[in-house]
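Coordinate inspection notes
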2 protein chains.
Amino acid sequence: MAARAGVSRATVSRVVNGEAGVREVLAVKVRRAVKELGYVPNRAARSLVTRRHDAVAVVIAEPETRVFADPFFALQLRGISKELTARDVQLLLLLTEGRDDHERVGRYLAGGHVDGALVFSLHLDDPLPGIIHGAGVPTVFGGRPGWAGSARYVDCDNRGGARQAVRHLVGLGRTRVAHITGPLDQTSAVDRLDGYRDVLPAADPDLVVEGDFTPAGGERAMRLLLDRRPDVDAVFAANDLTASGALRVLRESGRRVPRDVAVVGFDDMLPVAEQADPPLTTVRQDIEGMGRLMAAMLLRGDVHEEGADGADADAEGGACVVLPTELVRRESA
Amino acid sequence: MAARAGVSRATVSRVVNGEAGVREVLAVKVRRAVKELGYVPNRAARSLVTRRHDAVAVVIAEPETRVFADPFFALQLRGISKELTARDVQLLLLLTEGRDDHERVGRYLAGGHVDGALVFSLHLDDPLPGIIHGAGVPTVFGGRPGWAGSARYVDCDNRGGARQAVRHLVGLGRTRVAHITGPLDQTSAVDRLDGYRDVLPAADPDLVVEGDFTPAGGERAMRLLLDRRPDVDAVFAANDLTASGALRVLRESGRRVPRDVAVVGFDDMLPVAEQADPPLTTVRQDIEGMGRLMAAMLLRGDVHEEGADGADADAEGGACVVLPTELVRRESA
DNA sequence: TTGAAAGCGCTAACAG
DNA sequence: CTGTTAGCGCTTTCAA
């Protein structure tokens, strides 16, 4: 390689890594040789000396299958992938299920094989985040972690979004606004419930039923709700999947949406929200953007943009970023 | 490390890598030192000399968002992850969208940074598989690739499964059995259609409508079907998502399932099939098992089992494995 | 059975 | 600005 270009290995290295201070003549020669030889630097050798890896781990802690039914992670992953690709950083996927895996992941991360970790852990009592935190690897969490500490994370404004949803319902003149929550061992669900309470602090406790972010959970909750408060005239569902289940039950019960009962979801998961019957009014969050932001934050730099990305420019080392939400009006409310 | 155990680095290496021919006394010392120091071998240094990486790339070529609405990949990924974890092999995720990405991925794989690739590419005209094939990396495809060549792949018996479904419908006494296909630029969709035709070679062409594996596509197709053949008394939908869309339209049209129209799906995607109204009779395939098998096949070894895995033991270098399917009866047919 | 020594392919000081 | 030199941490001959 160096021979082919007629320069020293050091010079090749400088050109390949885009360092300044190489005469253009030589740089050209090197680049030509690179092309001709199809030269690709050996990452192992490089990271052996630089002590960087240009790789980050994405840890998804999910004992349940449920997650996979939800396009949520997939979208976030895609955002992460885009950002990492733009920076030529590799994405290592670590899927866990169960205790043993936690240790394994902890060991792996502590082993220093990656430059950082992006972790998703839904449940408040999950020990994994703690383990990872202890591993001493730079980490950014997806969604606000459950503890009080000072972890860096990216989340959407769950509470604010919930307020938007409920205010919209109230603005429609609805007076018996129910809320089907998510699983309350996840901060996103808790925050959305808090948002509901912000607007309706005096709501009848019977109007709040716990769901689990699935359509089946939404159905169950909606039945219970109808049972306890047949006069309910609006429902804020903790996510679109839940809303779709609720819609089904409302239809079965002979109620018209939005005339009899107005429904608002959360997420704006397109295939769900748009296909719902009627199409769902919901709170949009930029899931893919959150993914990009997580990666950018971990790697300390701005998001590599691809057009005007409204999201949020300032990813610089901030402790946490909370992305705004937006109410999307369709027909259900 | 070597010092701590009072032996040479060479000996440490031998113990760590489980090579035979080290006196047990020394081995014990080394293991103790490893534990005490929390020593983790440096993968970069190792792969620099061994020229292996203990890492495989999972390439998911998907220009569309659609994939992510389908838990299919997620499940397969999980299977892959399990198998790789059992072998202490890292999973690198490569998501692509668009031409540029294809080249990038090709270059990456050709660069020899991984020991192999597991690739998912849905569309027959996708250039990516060819590029990867040309990169000279050991590769196993998820699903039968569209070309005639000799690629290694793991798939389920789409055609046989379709036959099971259609025979079941025929066995129920249905005489006007329709088929809503998947997108016909994917082999799985084509194979399922072929299976339908195997059983019903003389079926009215009007009974076959193209869908796209989504609920929305299923709705559209079902409407068309009802329009063209209002007397249809059974539908074999190319997957569960499609079936769920069809069910909705059937309900709207006032038809009873299965009394008026029997419906069978494909995949046995639990959250979809079980939640459907009525619960879906469908063709089950072991998606997670396919993932495990892909990994096992790539790495040339049997599946690391975790209990009695009925799937298929013989992953040894075989050119391709086609997993059996099973009809699961619920209420829709 | 064990240790000494060489070197994987690269980058980072340091001279020149 | 460029080349020379010295390792990064590991495995692998080769001797002992």
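Residues numbered from 1 in each chain as written. Chains lettered and ligands numbered in written order. Predicted model: local features only at pLDDT ≥ 70, side-chain atom pairs only at ≥ 80, totals over all residues. Heavy atoms only, no water.

Chain A carries the name Putative HTH-type transcriptional regulator CelR in an unreviewed UniProt entry, which gives Streptomyces aurantiacus JA 4570 as its organism.

The subject of this paragraph is the overall build of chain A. Across its full length, chain A holds 14 helices and 12 strands. Each principal axis of the C-alpha atoms in chain A carries an extent, and together these give about 85 × 40 × 30 Å. By residue count, 54% of the 333 residues in chain A fall in the buried class. Relative to all contacts within chain A whose residues are 6 or more apart in sequence, the contacts with residues 24 or more apart total 70%. Summed over all atoms, the accessible surface of chain A reaches about 14100 Å², with 49% contributed by carbon and sulfur. (Helix = DSSP H or I, 4+ residues; strand = E, 2+ residues; numbered from the N terminus. Buried < 20%, exposed > 50% of the residue type's maximum accessible area, 1.4 Å probe, protein only. Contact = heavy atoms within 4.5 Å. Areas by Shrake-Rupley, 256 points an atom, 1.4 Å probe, with all protein chains shown as cover.)

With that settled, the discussion passes to the interface of chain B and chain A. Counting from both sides, the interface comprises 38 residues of chain B and, opposite them, 38 residues of chain A. Regarding the contact of chain B and chain A, the summed buried area is about 3400 Å², with carbon and sulfur atoms giving 61% of it. Among the salt bridges present, the one from Glu97(A) reaches Arg78(B), with a minimum N-O distance of 2.4 Å. Taken together, the connections running from chain B to chain A amount to six residue pairs in polar contact (both at pLDDT 80 or more). Listed by contribution, the elements that provide at least two residues to the side of chain B that touches chain A are helix H4 (43–50), helix H5 (66–69), helix H6 (72–86), strand S2 (90–96), helix H7 (99–110), helix H12 (240–252) and helix H13 (270–275) of chain B. (Buried area = accessible area lost by both parts, 1.4 Å probe. Salt bridge = Lys/Arg side-chain N within 4 Å of Asp/Glu carboxyl O. Polar contact = N/O pair within 3.5 Å; in protein donor to acceptor, adjacent residues only side chain to side chain.)

The next subject is the layout of surface pockets. Each pocket or cavity is described by its volume, and for the second largest pocket that value is around 910 Å³. Around the second largest pocket, the lining comprises 30 residues; the ones closest to its centre are Val40(A), Pro41(A), Arg43(A), Asp88(A) and Arg107(B). Broken down by secondary-structure element, the contributors of at least two residues to the lining of the second largest pocket are helix H2 (9–16), helix H3 (24–37), helix H4 (43–50), helix H6 (71–86) and strand S2 (90–96) of chain A together with S2 and H7 of chain B. Here the lining of the second largest pocket gets four residues from one element, more than from any other, and that element is H7(B). Class assignment for the residues of the lining of the second largest pocket results in 14 nonpolar, nine polar and seven charged. (1 Å grid on protein atoms, 1.4 Å probe; cavity = no way out; pocket = protein on both sides within 12 Å on 5 of 7 lines; lining within 4 Å. Points joined across faces, edges and corners; volume = space filled by probe spheres on them. Nonpolar A, V, L, I, M, F, W, Y, C, P; charged D, E, K, R; others polar.)

Before going further, it helps to spend a moment on the relation of the copies chain B and chain A. Once turned by 180° and shifted 0.1 Å along the axis, chain B lies on chain A with an RMSD of 0.2 Å. On this basis, the relationship between the two copies can be described by a two-fold rotation axis. Taken together, the interface assignments show that 100% of the residues at the interface of chain B recur at the interface of chain A, consistent with an identical surface on both copies. (Least-squares fit on C-alpha atoms with pLDDT ≥ 70 in both.)

With that out of the way, let us pick up the pairing of strand S6 (residues 177–181) of chain B. Residue and element names in this part refer to chain B. Where burial is concerned, most of S6 is hidden: five out of the five residues are buried. Note that S6 and strand S8 (residues 234–237) share four bridges and pair parallel. Across the sheet, the residue bridging to Ala 178 is Val 235, located in S8. In this sheet, strand S7 (residues 208–210) lies alongside S6 in parallel orientation, the contact comprising three bridges. (Pairing = 2+ DSSP bridges.)

This brings us to the protein's contact with DNA strand D. Taken together, 24 residues surround DNA strand D, and among them Arg23(A), Arg51(A), Arg9(B), Ser13(B) and Tyr39(B) come closest. Side-chain polar atom of Asn17(B) to a phosphate oxygen of DNA strand D: 2.8 Å apart, as the coordinates give it. In the environment of DNA strand D, a phosphate oxygen lies 2.7 Å from a nitrogen or oxygen atom belonging to the side chain of Tyr39(B). Elements with a minimum of two residues in the surface near DNA strand D: H2 and H4 of chain A together with helix H2 (9–16) and H4 of chain B. Looking at the surface near DNA strand D, its residues break down into 11 nonpolar, seven polar and six charged. (Near = heavy atom within 4 Å.)

Residue and element names in this part refer to chain A. Taken domain by domain, chain A comprises domain 1 (2–41), domain 2 (55–155 + 288–323) and domain 3 (158–285). Computed from C-alpha atoms alone, the centre-to-centre distance between domain 2 and domain 3 is 28 Å. Listed by partner, the interface residues are 13 residues for domain 2 and 14 residues for domain 3. Between domain 2 and domain 3, roughly 1100 Å² of surface is buried when both sides are summed, and carbon and sulfur atoms account for 52% of that area. One can count one salt bridge joining domain 2 with domain 3. (Domains from an automatic or database assignment.)

In the vicinity of DNA strand C lie 25 residues, with Arg9(A), Ser13(A), Tyr39(A), Arg23(B) and Arg51(B) positioned nearest. For DNA strand C, the fraction of atoms within 4 Å of the protein that belong to sugar or phosphate moieties is 67%. The contact in question runs from a phosphate oxygen of DNA strand C to an N or O atom on the side chain of Ser13(A), over 2.6 Å. Between Arg23(B) and DNA strand C, the recorded distance is 2.6 Å, taken from a backbone N or O atom to a phosphate oxygen. Among the secondary structure elements, those contributing two or more residues to the surface near DNA strand C are H2 and H4 of chain A together with H2 and H4 of chain B.

All names here are of chain A. Where burial is concerned, most of strand S3 (residues 116–121) is hidden: six out of the six residues are buried. Alternating positions in S3 separate into two faces, Gly 116, Leu 118 and Phe 120 on one and Ala 117, Val 119 and Ser 121 on the other, with burial throughout. Strand direction decides the pairing type here: S3 and strand S4 (residues 139–142), joined by three bridges, are parallel. By the bridge assignment, Ala 117 is partnered in S4 with Thr 139.

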